2 protein chains.
Amino acid sequence: MHVLITGAAGFLGRRLAEHLLTRGRLTGPDGRERTIERLTLLDVVEPAVGTDDRVRHLVGDVADGALIESAVDRDTTSIFHLAAIVSGMAEADFDLGMRVNFDGTRTLLEVCRARGHRPRLVFTSSVAVFGGPLPATVLDTTALNPQSSYGTQKAMGELLINDYTRRGFVDGRALRLPTISVRPGRPNAALSSFASGIIREPLNGEAGICPVDPDARMWLLSPRAVIGCLVAGHELPPEAFGTDRAVSLPGISVTVGDMVAALERVAGPEVAARVRWERDARVAAMVATWPGELEARRARAMGFPGDDRIDDLIRQYMADELGVAPSGPAPHTAARNSSNC
Amino acid sequence: MHVLITGAAGFLGRRLAEHLLTRGRLTGPDGRERTIERLTLLDVVEPAVGTDDRVRHLVGDVADGALIESAVDRDTTSIFHLAAIVSGMAEADFDLGMRVNFDGTRTLLEVCRARGHRPRLVFTSSVAVFGGPLPATVLDTTALNPQSSYGTQKAMGELLINDYTRRGFVDGRALRLPTISVRPGRPNAALSSFASGIIREPLNGEAGICPVDPDARMWLLSPRAVIGCLVAGHELPPEAFGTDRAVSLPGISVTVGDMVAALERVAGPEVAARVRWERDARVAAMVATWPGELEARRARAMGFPGDDRIDDLIRQYMADELGVAPSGPAPHTAARNSSNC
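Quantities reported herein were computed from a predicted structural model and do not represent experimental measurements. (Residues numbered from 1 in each chain as written. Chains lettered and ligands numbered in written order. Predicted model: local features only at pLDDT ≥ 70, side-chain atom pairs only at ≥ 80, totals over all residues.)

A closer look at the sheet that holds strand β11 (residues 217-221) of chain B
All names here are of chain B.
Moving on, step 1. The three strands are arranged β9-β11-β13 in an open sheet whose pairing can be described as mixed. At either end of the open sheet lies a strand with only one pairing partner, and these are β9 (179-180) and β13 (252-255).
Moving on, step 2. Here β11 pairs with β13 via four bridges, running antiparallel. Opposite Arg217, over in β13, you have Thr255 as the bridge partner.
Moving on, step 3. Where helix α8 (residues 256-267) meets the sheet, it contacts β11 and β13, and its direction lies at approximately 90 degrees from that of β13. (Pairing = 2+ DSSP bridges. Helix = DSSP H or I, 4+ residues; strand = E, 2+ residues; numbered from the N terminus. Contact = placed C-beta atoms within 7 Å. Axes fitted to C-alpha atoms, helices over the stretch in contact; angles between N-to-C directions.)

Next comes the structure, spelled out in structure tokens:
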């Protein structure tokens, strides 16, 4: 089988590629496990993934039909569509967001439809599809009401995934990702970038700027757990989804103040003191439209993995990115997390 | 001010055009009433509307950017976007539905954005945006989960209307229409066509074929009330909509059996006996995915007009299309209905 990852140069794309190369197998359209013979990594830049004979790189724009034509053949039975313009950039450049986040998704779905082989397609949506006056805990039955262009484009992508699946053009699965924390690397244009930065930068000896108030509530998922969710979303049988291919993934609900308190517990007061509260009204206003807590009952019942505690997210970053051996978490928690990916 | 109606050759488009020509005025972007100087009627065929110096006809496809460019100028401060491929046809021809129902809406929004004058734009959505496992009464907060391509395209249109409005490109209002009954004329390719046919055809001495079971529940609105709703949706101030420009209109919830019983009450057993029950599994399955009852609390609070009883819908058709003077309904009901349009 051939596997395609779009947005493969991003943090999640690279992690997923490495995970799939190690895993070596995925379920095919007939429900039976198959060997991954080729992994096509598509992005606007070539991702830094270790050399592997199975890997093919494609560089270009996901909204470019000719490129997508060359990326998907009839053996491409698994697609992970992660390519996206992040929230802050999609808000700043409406046309770019529409072209990549919406037209890119539509182009990919159209190419799959033309091939006629009904691949499994995992699409990363976002909690930014929710907004407006929300209940304290968002349910699986709560109406989408995005208050950003990014959330709008993701919500339209979910609708396309559902209809293309219902019509038998693809076997789609749209996963609404919580904010991923702690991401490695540098800050990006995602409005949620601070949710990694306020942990990561202090651990690296730098100031972590927090543009929202301490009581702002976030819905978080760790890098390991999200890779586990992407694979689980692919592996589930079609009938597990019922009449809706969009699923809100499990997360943990914490305030930004909780996050900084956990950083102090895990890494000490000196590290936590590197967080600087510098409110940015634009960021704070947009973040306030996102849900801080979801029930995610459906995802849990379907077996999507999650995290237990904010402290574990911080320890996971320290272990995976800084090489600090875990000391704090209870053994059962560590074992559960490692089974997530 | 200039007013544009797309889909103007359809039943609602013609009714709305006649209503606006009589009304003569609409609220402008500044919140003040203005005189309608020009009414542009756009459709794939020229609508049969009485001669009026204010009327301009444009014949063509709503997804044709050049045509829309010529339809919207900076004086076009009010747009009623009714053009659509109906549900049955959008299900039979996916590409046609996407092109007209989705790309057509996007094209119109893009032209408005390019003009930069922020017109009021009323978009007709549908209860077909709901589907899947639904509560007995759909709430304003119930998640959209369309089970048809038509419903998907309308739901994506709602999302665009909301985002284009939030960004200040238009002042959009998306109204989710119940099934309109009783429509005059001939059956069409809408899967809900029978909801008019089982009343209209028997009243005209013909057999009315019913493709669904008597216990199928429908959410209905009369032609007079829907014209009242389209105008109300235009006239409401922007702030009345809060953070969601999509509104489920009020309706009445009746079973198809109730409709036939009302036909017998209003027109007699001989007329009602002309209904023939000929189940069509394809139609029955799709209709079963639509909600049979909505709370529509928000629309009622916003002042959108509705109907009182199924009997009145039948009498309204007899009065408006067959010239039968109303005899049955209580006087206050007739007065309320006539104030709706």
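Section: the packing of helix α5 (residues 149-166) of chain A against helix α5 (residues 149-166) of chain B
Moving on, step 1. Running from N to C, α5(A) and α5(B) point in directions that differ by 175 degrees, and their axes come no closer than 10 Å. The angle between α5(A) and α5(B) falls in the class roughly antiparallel. Residues Ser149(A), Thr152(A), Ala155(A), Met156(A), Leu159(A), Asn162(A) and Asp163(A) of α5(A) touch α5(B), and the partners they reach there are Ser149(B), Thr152(B), Ala155(B), Met156(B), Leu159(B), Asn162(B) and Asp163(B).
Moving on, step 2. Class assignment of the residues belonging to the contact of α5(A) with α5(B) gives a composition of six nonpolar, six polar and two charged. (Parallel < 35°, antiparallel > 145°, perpendicular 65-115°, else oblique. Nonpolar A, V, L, I, M, F, W, Y, C, P; charged D, E, K, R; others polar.)

Side note on the sheet that holds strand β6 (residues 76-81) of chain A
Residues and elements named next belong to chain A.
Moving on, step 1. Read across the open sheet, the seven strands follow the order β5-β4-β1-β6-β7-β8-β12; overall the sheet is parallel. Because the sheet does not close on itself, it has two edges, and the strands there are β5 (55-59) and β12 (246-248). Put simply, the sheet's adjacent strands are angled 20 degrees from each other on average, direction ignored.
Moving on, step 2. Looking at chain direction, strand β8 (residues 171-177) and β12 are connected through three bridges and run parallel. Note on β12: the bridge partner recorded for Leu175 is Val247.
Moving on, step 3. The sheet contacts of helix α1 (residues 11-23) involve β1 (2-6), β4 (38-43) and β6, and relative to β4 the element is tilted by about 175 degrees.

Some words on helix α7 (residues 223-235) of chain A
All names here are of chain A.
Moving on, step 1. Here α7 is 13 residues long and its end C-alpha atoms lie 19 Å apart, about the 18 Å a rise of 1.5 Å per residue gives.
Moving on, step 2. For α7, a buried count of twelve out of 13 residues is recorded, marking the element as mostly surrounded by other parts of the structure.
Moving on, step 3. Taken together, the buried positions of α7 are Pro223, Arg224, Ala225, Val226, Ile227, Gly228, Cys229, Leu230, Val231, Ala232, Gly233 and His234. (Expected span 1.5 Å × (residues − 1). Buried ≥ 20, exposed ≤ 12 C-beta atoms within 10 Å, placed from the backbone.)

Observations regarding the relation of the copies chain B and chain A
Moving on, step 1. Overlaying chain B on chain A yields an RMSD of 0.0 Å, the required transformation being a rotation through 180 degrees with an accompanying axial translation of 0.0 Å. Seen this way, the second copy is the image of the first under a two-fold rotation axis. For chain B, the residue whose C-alpha comes nearest the rotation axis is Ala143(B), separated from it by 1.7 Å. (Least-squares fit on C-alpha atoms with pLDDT ≥ 70 in both.)

Digging into the domain arrangement of chain A
Residue and element names in this part refer to chain A.
Moving on, step 1. Looking at the assigned domains, one finds that chain A contains domain 1 (2-178 + 222-248) and domain 2 (194-219 + 251-292 + 307-340).
Moving on, step 2. Its C-alpha centre places domain 1 at a distance of 26 Å from the equivalent point of domain 2.
Moving on, step 3. With 14 residues of domain 1 at the interface, the matching set in domain 2 holds eleven residues.
Moving on, step 4. Partitioning the side of domain 1 that touches domain 2 into residue classes produces eight nonpolar, five polar and one charged. (Domains from an automatic or database assignment.)

Here we look at the environment of Ile198(B)
Residues and elements named next belong to chain B.
Moving on, step 1. Among the structural elements, Ile198 can be located in helix α6 (residues 194-203).
Moving on, step 2. Classification of Ile198 by C-beta neighbours within 10 Å gives buried; the count is 26.
Moving on, step 3. For the pair formed by Ile198 and Ala246, sequence separation is 48 residues and the distance between their alpha carbons is 30 Å.
Moving on, step 4. Beyond its immediate sequence surroundings of up to four residues, Ile198 is in contact with Gly208, Cys210, Met259, Val260 and Val275.

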